[in-house]
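Now for the letters of each chain:
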Amino acid sequence: MSWVGRRLPRLEDPALLTGRGQFVADRAKGALAMAFVRSPLAAGALTEIEVPPIDVPDSFVFTAADLFGVGAIEAILNRPDYKRVPQPVLAGDRVVFAGQPVAIAVANSRAAAEDLAEQVFADVEPDEPILTFEDALADGARAVHPEAPGNVLVEGQLRGEGVDSAFDAAAAIVEVELRSERQSAMPLEARGGVAAFDPGSGRVTLYASVQMPHMLRTGLADVLNMPESDLRVVAPDVGGGFGQKMSLFPEYVALVWAARHLKRSIAWIEDRRENFLGASHARDQRFRAKAAFDSDGRILALDADLLSNVGAFSCYPVTCGVEPLMAFAELPGPYRIAHYAVRSRGVTTNTAMMAPYRGVSRPMLTFTMEQLMDRAARQLGLNPLDIRRRNLICDFPHTSPTGLVHDLGSYIEAMDAAARVADLEDFRERQTRARAAGRYLGIGVSVFSERSGYGTPAFAARMMEIVPGYETVDCEMDPSGRVTLAIGASPHGQGLKTALAQLAADRLGVTPEDVRVVSGDTDATPYGWGTFASRSMVIAGGASQMASDKVAEKLRIAAAQMLECAPDDIELADGLAKVQGANRTMRIADIARALHHKSHLFADLAAGLKEQAFYDPAGTFSNACHIAEVEVEPATGGVRVDRFVVVEDAGRLINPLIADGQIAGGVAQGIANALYEELVYDEHGTLLTTSLADYAVPTAFEIPPIDIHHMETLSPATVTKAKGLGEGGTIGAPAAVIGAINDALAPFAVAINTMPATPDRIWQALRDAKDKAA
Amino acid sequence: MSDTRDLTLRVNGTVHHVNVEPRHSLADTLRESCGLTGTHLGCEHGVCGACTVLIDGRATRSCLVFAVQVEGSEIETVEGLAEPDGTLHPLQQAFWEHHGLQCGFCTPGFLMLALGALRENPDLDDEELRDLIASNLCRCTGYQNILTAVRAAADIMRAKARPAPNP
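Note that this is a predicted model, so its numbers are computed, not measured.

Turning to the domain arrangement of chain A, a few remarks are in order. The extent of an interface is frequently quoted as the accessible surface area lost upon association of the parts. Taken domain by domain, chain A consists of domain 1 (13-127 + 191-269), domain 2 (128-178 + 283-380), domain 3 (407-454 + 620-774) and domain 4 (470-615). A straight line from the C-alpha centre of domain 2 of chain A to that of domain 4 of chain A covers 45 Å.

Looking now at the side chain of R375 of chain A. Residue and element names in this part refer to chain A. Residue placement: R375 occurs in helix α9 (residues 362-380). Here the side chain of R375 touches N753 through a polar contact of 2.7 Å, side chain to side chain. Here R375 is in contact with V174, V176, L178, N742, A751, I752 and N753, once residues within four sequence places are set aside.

What follows concerns the packing of aromatic side chains. Residue and element names in this part refer to chain A. Tallied over the entire structure, the rule returns 15 aromatic pairs over all chains. Grouped by ring-pair contacts, the aromatic residues Y470, Y527, W529 and F614 constitute a single cluster. Over the aromatic face of F249 sits the side chain of R191, whose NZ or CZ is 4.4 Å from the ring centroid. When the ring centre of F167 is taken as reference, the NZ or CZ atom of K290 above it lies at 4.9 Å.

Attention shifts here to the interface of chain B and chain A. Contacts between the two partners involve 42 residues from chain B and, on the opposite side, 52 residues from chain A. When the two sides are added together, the surface that chain B and chain A hide from each other amounts to roughly 3,800 Å², 60% of it contributed by carbon and sulfur. Interface area lost by chain B to chain A is led by W96, H99 and R139 of chain B, which between them contribute 21%. Across the contact surface, chain B and chain A share three salt bridges. Note that E677 of chain A is salt-bridged to R139 of chain B, the shortest N-O span being 2.6 Å. On inspection of chain B and its partner chain A, the count reaches 20 residue pairs in polar contact (both at pLDDT 80 or more). Sort the elements by how many residues they give to the side of chain B that touches chain A and helix α2 (residues 90-97) of chain B lands first, with four residues. Tallied by class, residues from the side of chain B that touches chain A come to 20 nonpolar, 13 polar and nine charged.

To continue, consider the state of the cysteines. All names here are of chain A. Inspection of the entire model under this criterion finds zero disulfides over all chains. The thiol of C394 is unpaired, and the distance to the nearest cysteine sulfur, on C625, comes to 16 Å. Using a relative accessible area of 40% as the deciding quantity, one classes C394 as partly exposed.

About the criteria used
Residues numbered from 1 in each chain as written. Chains lettered and ligands numbered in written order. Predicted model: local features only at pLDDT ≥ 70, side-chain atom pairs only at ≥ 80, totals over all residues. Heavy atoms only, no water. Domains from an automatic or database assignment. Helix = DSSP H or I, 4+ residues; strand = E, 2+ residues; numbered from the N terminus. Polar contact = N/O pair within 3.5 Å; in protein donor to acceptor, adjacent residues only side chain to side chain. Contact = heavy atoms within 4.5 Å. Phe/Tyr/Trp six-rings, centres within 6.5 Å; stacked < 30°, edge-to-face > 60°. Lys NZ or Arg CZ within 6 Å of the ring centre and 35° of its normal. Buried area = accessible area lost by both parts, 1.4 Å probe. Salt bridge = Lys/Arg side-chain N within 4 Å of Asp/Glu carboxyl O. Nonpolar A, V, L, I, M, F, W, Y, C, P; charged D, E, K, R; others polar. Disulfide = S-S within 2.5 Å. Buried < 20%, exposed > 50% of the residue type's maximum accessible area, 1.4 Å probe, protein only.

Right under this line is the structure:
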């Protein structure tokens, strides 16, 4: 029986359930503590940093002037439109966002370091801050960075032939202007690192709560001008990342620099306020799009102007191109668009740096395409499902207008399945009855594709200087028959170790408990790209399967020699090598021991059982349909999500329990995107939302049960037949929820265009509509 | 702020003699002075609940309590939940079976929150459980599996607490 496909409880869990996980703060004991002095203002000249006299041992303050030999963080895209904006580790002569690190304080406890940091004053001659698209793109706007007059750091443009004539021929033209406000990935464990200095070797081991340990090592070594071999990065248990922990932040550079400079171990464990101020933000996009339809509801052309606020800097390594260029390339989503025009810009402002957050642009582009569909359906008098059915991709492989190849999927089938589960006819009856009783129910449909598991070709196409994407896995069976997979991916809550153990167990004839997966330690794992972009199951999974197959092949050859048969006759299962069709077996552990300790008997085989595999796929598309049912209370603008249906197609499911968990958690974040979470800067560029009392993360009270169903269209593009699904929940849910609100409010002729659709926004929209009608 | 106090804390039935500043929170004291790092800090302002422990049986945000306030109290943390032989508590077992955790950072807080409430009232209905679980934040799971796990554990705990009636 196969381990793949089973709802196996996770191997990671016992330690986490008993308080024996090892998160980065759990390793801070005995280290000095670091705190950051951060810019109080959004923009201006840094004229002086006032440092108090220090008379306590083990207490230090450092500013940019102390960091000689330390470079800047520089994320590079090799595109002519890209403006490089180096990010200093500590601000030098100017500050560009409130919260930017300007000095570091080190003391013997975090409390003492914070006390010391409070006595350091950054004197800033303020400039008028540039905060919004309007500020940044105004004629003659002050440049946030002198390197980037005009404040556009990256711009993609495409205008397919035939776009204009398609609009001329349209039966209907639908236009939208949609926004997502600024949000935080808000991992429950904030950022943090412990830089452990080894006086014997001079090496630093940085334990850090990160998603990309190898990349962090490279980035740190480059900025600190040191060899990578003098640095070991370890991502221990990581308390969620969601994209916020994949960039090289100045805080980690400062931490490693200070540990080397003082030859001491130092910990920086960020608090929540600091995480809101200084860690990356996300979303903050404004998409204008118009689509031309024929009278049957078929899209003829799409023309879009997309703005992404990228904040004060360009995140390393993926750069500030990540949101605007993904929007540029993927706006058409699951729909067949013959003629496509797009302009997508990344705009810099005096706000915290933007970096990936689960979904990256796709929550907004799905919201955009689904609103175009809903509004066109209304305008043309079509059923919302019919208009989608006429436009969804149904011939595979499909090449998008920007050259993306969709492998086999089930766009229409997943939508129809979700509609059956949600029972739309029954809903419409309930909706009608509720309206008669003065209650407003609505339903929203969101169909989307999730590009996942893509290797270097996809990143190279963005012209990234650093091209991520492949994975290498070492698979070793030790003399006792136990297996170790050393992976370059770096899971942080996804359950990847369990899923990979299931994959390897099937290939090697052992149990998942026999497979230990090692990740996150640059001394112990092959160079890899960590965990992000719904990639790990596909890419690390593919490499794990291939490496396991190589070990299995060697086991079969050795077993065949000992059992006197052909290698192809050997089946590995239940801990045994069995000769098919004969009653002869050997324990796999005995073969493993023989290959280590009696290698002289196997003349043609190298000793041991360690193999490596490398995998760099072009990528695959999973797809899903989300349907949300909401009730809106017009008197207050309040929204309750009553029901949420997901039909997901992520190809072969390795562990459906884990897959469902990823979907449910993603949907919760998508609902938060749609209804609750918003980071707010005031007009001076001061962040107002710096606690979890201000930044409204939903609780169990707000998130409904998520009704999840699967289709399994096996991917022809991946070795495991699996597709990635880590981001899908977050990508699809906002469009479904806002679509449902707009359906509920149809009697008021109100359309919500901004996420999150907070009660005040909905109430305001209703009042505006009333004023207009009066 | 370098004045310190000697305190005697009872945590999971074990006595800890610690020396802390009066401003030290119970959470920091458990983590730094008692070596019990299973209690996690997600916000340090009383919203997320990751640091929830039991003080004299009541679920409490340990980031909002000073260590000097709880001398003489019985403190329970996640480290005391499983049996000494490693057998998981029904809550831990149910979280495991129902995938009630992903990154695991919030998990100790949810376990202690549920433990305190179910000891007080093992008969919480689904609505009351939802209300209870809404006390804490989880960023990974979307909560449904946590609710399912707590429901399952509650049923087991109730069955254990009430031995079968004599025939």
